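Each chain, letter by letter, is given below.
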Amino acid sequence: MSRNIIEQHPDEYRQDLNPDYTAGENNGPRQTRTRTAYEIKELHNRNRDLRDDELKQIPVLLEGERLEQGAVYFDLAHPESGEFKAMGNQEAGPQNWFVAKSEIDYQLWNLITGVDNWNRLGDLVDEGDS
């Protein structure tokens, strides 16, 4: 038995009426474009506490990349804002350096988000540094 499926919008108007058809949907593994924090020269000046090898381990979303709904992020450009849970309509803008918590080692995440308890930073600091 076949069904006739009625399209919500005619083909010629579909893109105009619904330009972000899949916005906010989480469909399988994400393919996001990133660069490392090491590649952002301004970060070297702002975060002198981070070594080059640590900056190379931090993937930063490129401008225009959509944030995954419900995922936790931190904006290295605006650390005073703290970590946040993304909504489906959010994307990285030109003034953002978003880092996804799921894409980074937890000790490095604690370091960039300002955790100062050396027990939670593990091997990233020596006991004498605290």
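Up top is the structure.
In this report, the structure presented in the accompanying data block is examined. Just so we're clear, the structure is a prediction, and the values are computed from it rather than from any experiment. (Residues numbered from 1 in each chain as written. Predicted model: local features only at pLDDT ≥ 70, side-chain atom pairs only at ≥ 80, totals over all residues. Heavy atoms only, no water.)

### Considerations on the overall build of the chain
Helix and strand counts for the chain stand at five helices and five strands. Walking the chain from its N terminus toward its C terminus, one meets helices and strands in the order α-β-α-α-β-β-β-β-α-α. Within the chain, buried positions represent 27% of all 130 residues. Considering only contacts in the chain between residues 6 or more positions apart, those separated by 24 or more positions represent 50%. If you sum the accessible surface of the chain, you get close to 9,400 Å²; carbon and sulfur atoms cover 43% of it. (Helix = DSSP H or I, 4+ residues; strand = E, 2+ residues; numbered from the N terminus. Buried < 20%, exposed > 50% of the residue type's maximum accessible area, 1.4 Å probe, protein only. Contact = heavy atoms within 4.5 Å. Areas by Shrake-Rupley, 256 points an atom, 1.4 Å probe, with all protein chains shown as cover.)

### Here we look at the sheet that holds strand β4 (residues 84-85)
Read from one edge to the other, the open sheet built from three strands follows the order β4-β3-β5, with strand pairing classed as antiparallel. Either end of the sheet is taken by a strand with one partner, and the two such strands are β4 and β5 (98-100). One ladder, built from three bridges, connects strand β3 (residues 72-75) with β5; its direction is antiparallel. Pairing of F74 across the sheet is with V99, part of β5. (Pairing = 2+ DSSP bridges.)

### Thoughts on the environment of A92
Along the chain, the position of A92 falls in the loop between β4 and β5. As for A92 and L62, which are separated by 30 residues in sequence, their C-alpha atoms are 6.6 Å apart. A92 has contacts with L61, L62, E63, G64, E65, L67 and F98, leaving out every residue within four places of it along the chain.

### Brief notes about the pairing of β3
Every regular strand shows the same layout, with side chains that alternate between the two sheet faces. Pairing of β3 with β4, which is carried by two bridges, proceeds in the antiparallel orientation. Among the inter-strand pairings, Y73 is bridged to a residue of β4, identified as F84.

### Section: the pattern of salt bridges
Here the structure, examined in full by the defined rule, presents four salt bridges. For the salt bridge of E42 with R46, the shortest nitrogen-to-oxygen distance reads 3.3 Å. One end of the pair is E42 and the other is R46, both in helix α2 (residues 41-46) and four residues apart, which spans about a single turn. Residue E42 is classed as partly exposed on the basis of its relative accessible area of 43%. (Salt bridge = Lys/Arg side-chain N within 4 Å of Asp/Glu carboxyl O.)

### Some remarks on the packing of aromatic side chains
Aromatic rings considered in pairs are described by the distance between their centres and by the relative angle of their planes. As enumerated under the stated definition, the model contains four aromatic pairs in all. The interplanar angle of 65 degrees and the centroid separation of 5.5 Å between the aromatic rings of F84 and F98 together place this pair among those described as edge-to-face. Of this pair, F84 sits in strand β4 while F98 is found in strand β5, placing the two residues 14 residues apart along the sequence. Judged by relative accessible area, which is 6%, F98 ranks as buried. Three or more aromatic residues joined by ring pairs form one cluster here, namely Y73, F84 and F98. We note K56 situated over the ring of Y38; from NZ or CZ to the ring centre the distance is 4.6 Å. (Phe/Tyr/Trp six-rings, centres within 6.5 Å; stacked < 30°, edge-to-face > 60°. Lys NZ or Arg CZ within 6 Å of the ring centre and 35° of its normal.)

### What about the nonpolar core?
Of all hydrophobic cores here, the largest spans 16 residues; its most connected members are I58, V60, L76, V99 and I112. Sorting elements by how many residues they give to this core places helix α4 (residues 106-112) first, with three residues. In this view, V99 contacts I58, P59, V60, V72, Y73, F74, L76, I104, W109 and I112; residues no more than four positions away in its chain are not counted. L61, L67, F98 and A100 belong to the second largest nonpolar core, which has eight residues in total. (Core = buried A, V, L, I, M, F, W, Y, C linked by side-chain atoms within 4.5 Å.)

Functional significance is not addressed by these values, which are geometric in nature.
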